[in-house]
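For reference, the chains in residue letters:
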Amino acid sequence: MIEIDSITKTYGTMNAVDAVSMRVETGSITAIVGTSGSGKTTLLRMINRLEEPTSGEVRINGTSTSSVKPHLLRRRIGYAIQGHGLFPHHTVARNIGAVPELLKWSRDKINERVDELLALFSMDPAEFRDRFPAELSGGQQQRVGVARALASRPDLLLMDEPFGALDPIIRTRAQKDLAHIQRKLGSTIMLVTHDMEEAISLGDHVAVMDGGKLVQYAPPAEIIARPATDFVANMVGDVERPLRLLSLISVSEIIEAGEADGEGLPETASLRDALSACLWSGRDALPATREGAVVGRVTLKAIRARAGAHL
Amino acid sequence: MKTGRILRSVLIALLLALVLRPDWFVPIFAPFAPDGGPVIYQRASMLSLSLSHLGIVTLASAAATIVAVALAILVTRPAGAAFRPLSRTITNMGQTFPPVAVLALAVPALGFGAGPTLVALFLYGLLPIFENAVTALTSLPRATTQAARGIGLSRLQRLLRVELPLALPVTLTGIRLSIVIGLGTATIGSTVAARTLGEVIIAGLLTNNTAYVLQGGLIVGLFAVLIYDALVQLELYLTGRMGG
Ligand SMILES: Nc1ncnc2c1ncn2[C@@H]1O[C@H](COP(=O)(O)OP(=O)(O)OP(=O)(O)O)[C@@H](O)[C@H]1O
Ligand SMILES: [Mg+2]
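Note that this is a predicted model, so its numbers are computed, not measured. (Residues numbered from 1 in each chain as written. Chains lettered and ligands numbered in written order. Predicted model: local features only at pLDDT ≥ 70, side-chain atom pairs only at ≥ 80, totals over all residues. Heavy atoms only, no water.)

Novice: Can you explain the overall build of chain A? Please cite residues and give values.
Specialist: Helix and strand content of chain A: 14 helices and 13 strands. Counting only C-alpha atoms and orienting by the principal axes, one finds that chain A spans roughly 75 × 50 × 30 Å. Considering chain A as a whole, with its 311 residues, one finds that 52% of them fall into the buried category. Here the analysis covers contacts within chain A between residues at least 6 apart in sequence; of these, 62% occur between residues at least 24 apart. In the structure as shown, chain A presents an accessible area of about 14400 Å², 50% of it carried by carbon and sulfur atoms. Of the side chains in chain A, 36 bear a positive and 39 a negative charge, and the two mean positions are spaced by 6 Å. (Helix = DSSP H or I, 4+ residues; strand = E, 2+ residues; numbered from the N terminus. Buried < 20%, exposed > 50% of the residue type's maximum accessible area, 1.4 Å probe, protein only. Contact = heavy atoms within 4.5 Å. Areas by Shrake-Rupley, 256 points an atom, 1.4 Å probe, with all protein chains shown as cover. Lys, Arg positive; Asp, Glu negative; His and termini not counted. Charge placed at Lys NZ, Arg CZ, Asp CG, Glu CD.)

Novice: Please set out the overall build of chain B residue by residue, giving values where relevant.
Specialist: Of the regular secondary structure elements, chain B holds ten helices and zero strands. Walking chain B from its N terminus toward its C terminus, one meets helices and strands in the order α-α-α-α-α-α-α-α-α-α. Along the first, second and third principal axes, the C-alpha atoms of chain B reach 75 × 50 × 20 Å. Counting over 244 residues, chain B shows a buried share of 45%. Carbon and sulfur atoms make up 72% of the accessible area of chain B, which totals about 11900 Å². When the 16 basic and 7 acidic side-chain charges of chain B are each reduced to a single mean position, those positions are 17 Å apart.

Novice: So, the site of ligand 1: which residues are in play, and what are the values?
Specialist: Residue and element names in this part refer to chain A. Among the 13 residues in the neighbourhood of ligand 1, the closest are listed as S36, G37, K40, T41 and T42. One of the side-chain N or O atoms of T42 is found 2.5 Å from an oxygen atom in ligand 1. Within the complex, the protein chains bury 63% of what would otherwise be the 640 Å² of accessible surface of ligand 1. If you list the elements that add at least two residues to the shell around ligand 1, you get β2 (14-24) and α1 (40-47). Counting residues per element, the shell around ligand 1 draws most heavily on α1, at three residues. (Near = heavy atom within 4 Å. Polar contact = N/O pair within 3.5 Å; in protein donor to acceptor, adjacent residues only side chain to side chain.)

Novice: Could you give me a rundown of helix α8 (residues 168-185) of chain A, with the residues and numbers involved?
Specialist: Residue and element names in this part refer to chain A. For α8, spanning 18 residues, the distance from its first C-alpha to its last is 25 Å, which sits close to the expected 26 Å at 1.5 Å a residue. Listed in full, the buried residues belonging to α8 are R171, A174, Q175, D177, L178, A179, I181 and Q182. The secondary structure elements touched by the buried residues of α8 are β3 (29-34), α5 (107-120), α7 (138-150), β7 (156-160), β8 (188-193) and α9 (196-202). Taken from the residues just after α8, G186 is the one with a positive phi, measuring 65°. (Expected span 1.5 Å × (residues − 1).)

Novice: Could you give an account of the interface of chain B and chain A, with specific residues and numbers?
Specialist: Taken together, the contact pairs 21 residues of chain B with 24 residues of chain A. Interface of chain B and chain A: buried area, both sides summed, is about 1800 Å²; carbon and sulfur atoms make up 62% of it. At the boundary of chain B and chain A, one finds one salt bridge. For the salt bridge of E101 of chain A with R161 of chain B, the shortest nitrogen-to-oxygen distance reads 3.6 Å. One can count six residue pairs in polar contact (both at pLDDT 80 or more) joining chain B with chain A. Among the secondary structure elements, those contributing two or more residues to the side of chain B that touches chain A are α7 (142-150) and α8 (155-185) of chain B. In terms of residue count, the dominant contributor to the side of chain B that touches chain A is α7 of chain B (eight residues). For the side of chain B that touches chain A, a count of residues per class yields nine nonpolar, seven polar and five charged. (Buried area = accessible area lost by both parts, 1.4 Å probe. Salt bridge = Lys/Arg side-chain N within 4 Å of Asp/Glu carboxyl O. Nonpolar A, V, L, I, M, F, W, Y, C, P; charged D, E, K, R; others polar.)

Novice: Report on the packing of helix α6 (residues 114-138) of chain B against α8 of chain B, specifying residues and quantitative values.
Specialist: Packed helices, taken two at a time, are described by the angle their axes make and the gap between the axes. Residues and elements named next belong to chain B. Where α6 contacts α8, the axes come no closer than 8 Å and their chain directions differ by 155°. Taken together, the axis directions place α6 and α8 in an arrangement best described as roughly antiparallel. As for the relative orientation of α6 and α8, their crossing is right-handed in sense. Residue classes in the contact of α6 with α8 are distributed as 13 nonpolar, eight polar and one charged. (Axes fitted to C-alpha atoms, helices over the stretch in contact; angles between N-to-C directions. Parallel < 35°, antiparallel > 145°, perpendicular 65-115°, else oblique. Left-handed = near helix turned anticlockwise from the far one by under 90°.)

Novice: Lay out the nonpolar core with the relevant residues and their values.
Specialist: Among the nonpolar cores identified, the biggest contains 45 residues, and I96, M159, L191, M196, V208 and I223 of chain A are the most heavily contacted of them. One finds L159, L172, I179 and A194 of chain B within the second-largest nonpolar core, a separate group that totals 27 residues. (Core = buried A, V, L, I, M, F, W, Y, C linked by side-chain atoms within 4.5 Å.)

Novice: Describe the sheet that holds strand β13 (residues 293-299) of chain A, naming the residues involved and giving the relevant values.
Specialist: Residue and element names in this part refer to chain A. The strand order β11-β12-β13 describes an open sheet built from three strands, whose pairing is mixed. Lying at the two open borders of the sheet, with one neighbouring strand each, are β11 (265-266) and β13. With six bridges connecting them, strand β12 (residues 285-290) and β13 associate as antiparallel partners. Bridging from a neighbouring strand, A288 pairs with G296 of β13. (Pairing = 2+ DSSP bridges.)

Novice: If you had to explain the coordination of the magnesium ion (ligand 2) to someone new, which residues and values would you point to?
Specialist: All names here are of chain A. Within the protein, the atoms that donate to the magnesium ion (ligand 2) are T41 (OG1) and Q82 (OE1), at distances of 1.8 to 2.4 Å. Residue T41 is located in helix α1, and its partner Q82 is located in the loop between β6 (77-80) and α3 (92-96); the two are separated by 41 residues in the primary sequence. By relative accessible area, T41 is classed as partly exposed at 24%. Looking at Q82, the relative accessible area reads 39%, which means it is partly exposed. (Donors = N, O, S within 2.8 Å, 3.2 Å for Na, K, Ca; no water.)

Novice: Describe the side chain of S28 of chain A, listing the residues and the values that go with them.
Specialist: All names here are of chain A. Within the secondary structure layout, S28 lies in the loop between β2 and β3. Exposure remark for S28: the relative accessible area of 9% places this residue in the buried category. Among the polar contacts listed, one links the side chain of S28 to the backbone oxygen of E25, at a separation of 2.8 Å.

Novice: Describe the packing of helix α1 (residues 2-20) of chain B against helix α3 (residues 46-76) of chain B, naming the residues involved and giving the relevant values.
Specialist: All names here are of chain B. One can describe the packing of α1 onto α3 by two numbers: an axis separation of 7 Å at closest approach and a directional angle of 115°. Every residue of α3 that contacts α1 at L18, V19 and L20 is listed here: M46, L47 and S50. Classifying every residue of the contact of α1 with α3 by side-chain character gives five nonpolar, one polar and no charged.

Novice: I'd like to hear about a nonpolar patch on the surface, residue by residue, with values.
Specialist: All names here are of chain B. Residues I12, L16, L20, L47 and L51 make up a contiguous nonpolar surface patch of about 450 Å² in total accessible area. When residues of the nonpolar patch are traced back to their parent elements, those giving at least two are α1 and α3. No other element matches α1, which puts three residues into the nonpolar patch. Along the polypeptide, I12 turns up in helix α1. (Patch = residues over 30% accessible without salt bridge, like charges linked within 9 Å, V, L, I, M, F, W, Y side chains within 5 Å.)

Novice: Now, about the side chain of S152 of chain A: what can you tell me, with residues and values included?
Specialist: By the element assignment, S152 of chain A lies in the loop between α7 and β7. Apart from the residues within four sequence positions on either side, S152 of chain A is in contact with R75, V99, P100, L103 and W105 of chain A.

Listed below in structure tokens is the structure:
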């Protein structure tokens, strides 16, 4: 468990992070969201002591981080820096293997791990292992940066906008992979993003920052249902975009042949209504009707596909 | 690129000929020699003068590199930052001192021979290397140095594995400048009896023999151009690998 205890960072006269306290359970994902300059990066960097707090304390499993030598603390904590920060003079393999090398893993074990991670992030090891960072695209550099943070299978991972440079498709896949890795290894992840949608889909908890203050810290459902301030409500607003989109499309556009149980829905109804009906009655498909007669069905899967296509 | 390679080979061949077979150039230099006077310098072999010349420059530049880089590392650490202005002043003074004055001052202490020349070249070489190394070490990409801290490299590991390798190309530029300055400056070392190619030039000046001056000057110039070129290629190779 990570306990952040009234931590503050002051630059000049400005509090970049202002008396933030939170508790992160072991094995959970916490997404820190907020607008640019709200102090997300600063908060994250105080956890592995890249910044020393002006006041306050961070405890990991009860031990204060200030009682450990900073570089030894950091070897135990995976860190994916905003903007990748790869070593330009080292190959992809050496970049990813940097921490295992520091931890004195055997060469074979490091190589195996490097290939495993490259494959996980859809980069062919044979092709990419020996390239230099300058020979990669922005998205590939970013994935290598995340792979480097994961390499030693740390219990705690700090990730600063790890998926910022990825296109939506790869981004979604990378998010899924991360969630999968996290569940498999039970690692604790703190992830910074300014995308509320990403925060809500990935986080077990979402921490919303505004002007250095932690304005709400709660599970995603609660953030959506009961935003603590107007600012949070505004940030959540973005997440509703797919729903708004669905309300503009009628059921007739995605009718498919087949059967479905239960009460039908007129084909002129919107997909948002259809989605709502599915969720409400716990069905995966609904009969679609035209002037009272069943003409086919509409499935949850098709609705989802439609919502996702426009994201 | 291709013409560059041809030109380079021609210059290397010319230099080798001038150093190893100076007699071949009698017809070319003859018009510049005084009537009936010697055309080619005979009191020492060009090869031994060249080797001694290069040796002095290499030694002085190596010492300057070690001292300047060590100084640059020191003043770019948080604890040494206070010394940066002072060390700048010192290295700058090394450069503003005319080399002839350094020679004159060093002779009483070190006697005639290579000593005073080594001191002058060393002082002269410090500044460009120091300035470039400091610039390189203070302008490293921030995300990279932060990542180096973030993954848990110790201070020494950061210096050796990340900062110095990344600062190498720019530092090399400083070393290159210092070597080329040294190659030219070493010639005046012969006024205080250092064995350099300057001996040929000075002999020419004293006896009014332009052929000697040409011979010595050409060899020094060719060494400077070719060594400069080789170091540029090395820098290009290093920066190319890091993607500029
Ligand atoms: N070293 C520093 N010196 C002075 N001010 C700083 C420093 N680092 C950050 N700040 C300021 O602290 C505030 C918070 O910065 P921080 O990097 O934590 O924001 P962020 O939420 O990560 O923003 P972004 O989404 O743009 O990355 C900003 O106003 C920034 O200008
Ligand atoms: Mg940030």
